Amino acid sequence: MKTRITEMLKIEHPIFQGGMAWLGTAKLAAAVSEAGGLGIIGAGNMEPDMLRNTIREAKSLTDKPIGVNIYLLSEHYEENFIVAIEEKVKVVTTGAGNPGKYVQMLKDAGIFFIPVVASDSLAVRMEKLGADALIAEGMEAGGHIGEVTTFALVPQIVDAVNIPVVAAGGIADGRGLLAALSLGAEGVQIGTRFVASEECEAADIYKEMVVKAGLRGTAVTGRITGHPVRVLKNKLAKQMVKMEKEGKVTVEDFERLGVGALRKAFFGDKDEGSFMAGQIAGLVKDIKPVREIIRNIVDEATNLYKKLEDKI
Ligand code: TUI
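Residues numbered from 1 in each chain as written. Predicted model: local features only at pLDDT ≥ 70, side-chain atom pairs only at ≥ 80, totals over all residues. Heavy atoms only, no water.

Enquirer: Whenever I open this one, the sheet that holds strand β10 (residues 218-221) confuses me. Can you help?
Expert: Remark on secondary structure: sheet strands pair via backbone hydrogen bonds, oriented parallel or antiparallel. Ordered in space as β7-β11-β10, the three strands form an open sheet in which the pairing is antiparallel. The outermost strands of the open sheet, each flanked by one partner alone, are β7 (143-144) and β10. Relative to strand β11 (residues 229-232), β10 runs antiparallel, the two sharing four bridges. Residue pairing across strands places V220 opposite R230, the latter belonging to β11. Contacts between helix α11 (residues 235-246) and the sheet are confined to β10 and β11, with β10 contributing the most and set at about 45° to the helix. (Pairing = 2+ DSSP bridges. Helix = DSSP H or I, 4+ residues; strand = E, 2+ residues; numbered from the N terminus. Contact = heavy atoms within 4.5 Å. Axes fitted to C-alpha atoms, helices over the stretch in contact; angles between N-to-C directions.)

The following block contains the structure:
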């Protein structure tokens, strides 16, 4: 598969690994890049030194391009931009906000800048600021989400801009990849499917919870904070949903419940952790090596395309 994304980044397959906080480790990102996709380190709330070490570790594991996702609600995001620039990563993606003045710094450093957007207004602003491509992420995705579904968002963003668009949210197999290409995307970003991989370093219970999740296995919590988050349903998620429904909770109470919960999930606290995952978790039935996951997605999309060609 050849798209403007594979050509621009000189990668084999138009598949990004979502830059997931905690989960997007050097090992996972390097495995995805080695398999021909784009591995992305999730800076999340990392301290700058930790991010620097993680980038160096990933680079020791692969010579292929590596990306870093900067979470714009982190207190360290400004320093983390500087670290990504100093360490000369190939791609920086951003999430949960507007990266403003850092865009020019990335461009001056020759780094490809690819923000995640969940609306057409931000998409157009990012293109004007000089984004090289966009990741259009629908609300099926795990973690922090917008309000529009992938199926509605992607074609509208594709029409609103001239730069290439990568579709994210609800994609875990070849059917999803081909559908995204049909909507005008030139690549996909996949998170949840890579959580259930051998190279993902989260506790086994996190991976098992993804594999066991059904169609309605996720819930959205935190709407009252203005930063809604999609997570697997567990004790904490159910408690949060209930508190929100009853309207008894303040934003501060709510945020206190969530502090550190992502870390707890990573280390396998099944009741108190915040297990971020997308709605496509229901489709994920096994834990596989990254290379096999990518191979299967590409093969399935290619075969399906041929089958459809005969049919229509
Ligand atoms: O960023 C994500 N997903 C994430 S970040 C994350 S880390 C976290 N840690 C603890 C608590 C909560 C989160 C987990 N998942 N996706 C990209 C994304 N960006 N989705 C939606 C947006 C977004 C939303 C609003 C981007 C910009 C925006 O508004 C900016 C503006 O100025 O319009």
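Once the structure has been displayed, the description carries forward.
Enquirer: Even after reading the chapter, I still don't get the environment of E87, so can you show me in this structure?
Expert: In this structure, E87 sits in the loop between α4 (77-86) and β4 (91-95). By relative accessible area, which is 11% here, E87 ends up buried. The spacing of E87 and R56 is 31 residues in sequence and 7.8 Å in space, taken between C-alpha atoms. Ignoring any residue separated from it by four or fewer positions in sequence, one finds E87 in contact with R52, I55, R56 and K59. Within the structure, the side chain of E87 is placed 2.9 Å from the side chain of R52, a separation counted as a polar contact. There is a polar contact of 2.8 Å between the side chain of E87 and the side chain of R56. (Buried < 20%, exposed > 50% of the residue type's maximum accessible area, 1.4 Å probe, protein only. Polar contact = N/O pair within 3.5 Å; in protein donor to acceptor, adjacent residues only side chain to side chain.)

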